[in-house]
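So the chains spell out like this:
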Amino acid sequence: KPGKGGRNTHFALALVEKIFYKNILGLSPQELESWWIASLATDGRDGNCPCAGACFNGKMLNTVLPQQFLEKFDSYTFFKKIEPAHHALLRFEEYQSNLMDVRIIFGSKIA
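Below is a short write-up of the structure.

Cut-offs and rules
Residues numbered from 1 in each chain as written. Predicted model: local features only at pLDDT ≥ 70, side-chain atom pairs only at ≥ 80, totals over all residues. Heavy atoms only, no water. Helix = DSSP H or I, 4+ residues; strand = E, 2+ residues; numbered from the N terminus. Contact = heavy atoms within 4.5 Å. Buried < 20%, exposed > 50% of the residue type's maximum accessible area, 1.4 Å probe, protein only. Pairing = 2+ DSSP bridges. Axes fitted to C-alpha atoms, helices over the stretch in contact; angles between N-to-C directions.

**A few points about the side chain of N8**
Next up, step 1: Mapped onto the secondary structure, N8 falls in helix α1 (residues 7-21).
Next up, step 2: When residues no more than four places from it in sequence are discounted, the contact partners of N8 are S39, L40, A41, D46, A52, G53, D101 and R103.

Set out below in structure tokens:
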């Protein structure tokens, strides 16, 4: 059975795994809490899920690990498990034209 999600939720989940769970940037817990990532489709639809994409911040870390969801291409389910889910899944009105995907990454590193 194929997973649920599209390229934006999958991209966001891949970043979540690398930045927040594997901490490839070597950030402190305080720094991780200031970081945000987001990936969304401008037409409001991402693959086979009812959202435009997903966002995540270091304060959303929980015991649900991203690896199994990445392997199954089931990124929508991962973000839906975050409480409250409406903070992680981005929903917009659907449009007929899709200009591009938008990806945002920001945070701070404390010196």
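On we go from here.
**So, the pairing of strand β1 (residues 36-41)**
Next up, step 1: Buried residues dominate β1, accounting for five of its six residues.
Next up, step 2: In this sheet, strand β2 (residues 53-57) lies alongside β1 in antiparallel orientation, the contact comprising five bridges. Across the sheet, A38 pairs through a bridge with C55, a residue of β2.

**Some thoughts on the environment of L90**
Next up, step 1: With respect to the helices and strands, L90 occurs in strand β3 (residues 89-90).
Next up, step 2: Expressed as a C-alpha distance, the spacing of L90 and Y21, which sit 69 residues apart in the sequence, is 21 Å.

**Observations concerning the sheet that holds β1**
Next up, step 1: Read across the sheet, four strands follow the order β3-β2-β1-β4 without closing on themselves; strand pairing throughout is antiparallel. A single partner strand is all that each edge strand has here, and the edge strands are β3 and β4 (101-106).
Next up, step 2: Here β2 runs beside β3; their pairing, made up of two bridges, is antiparallel. Note on β3: the bridge partner recorded for G53 is L90.
Next up, step 3: Contacting β1, β2 and β4, α1 runs over the sheet at an angle of about 170° to β1.

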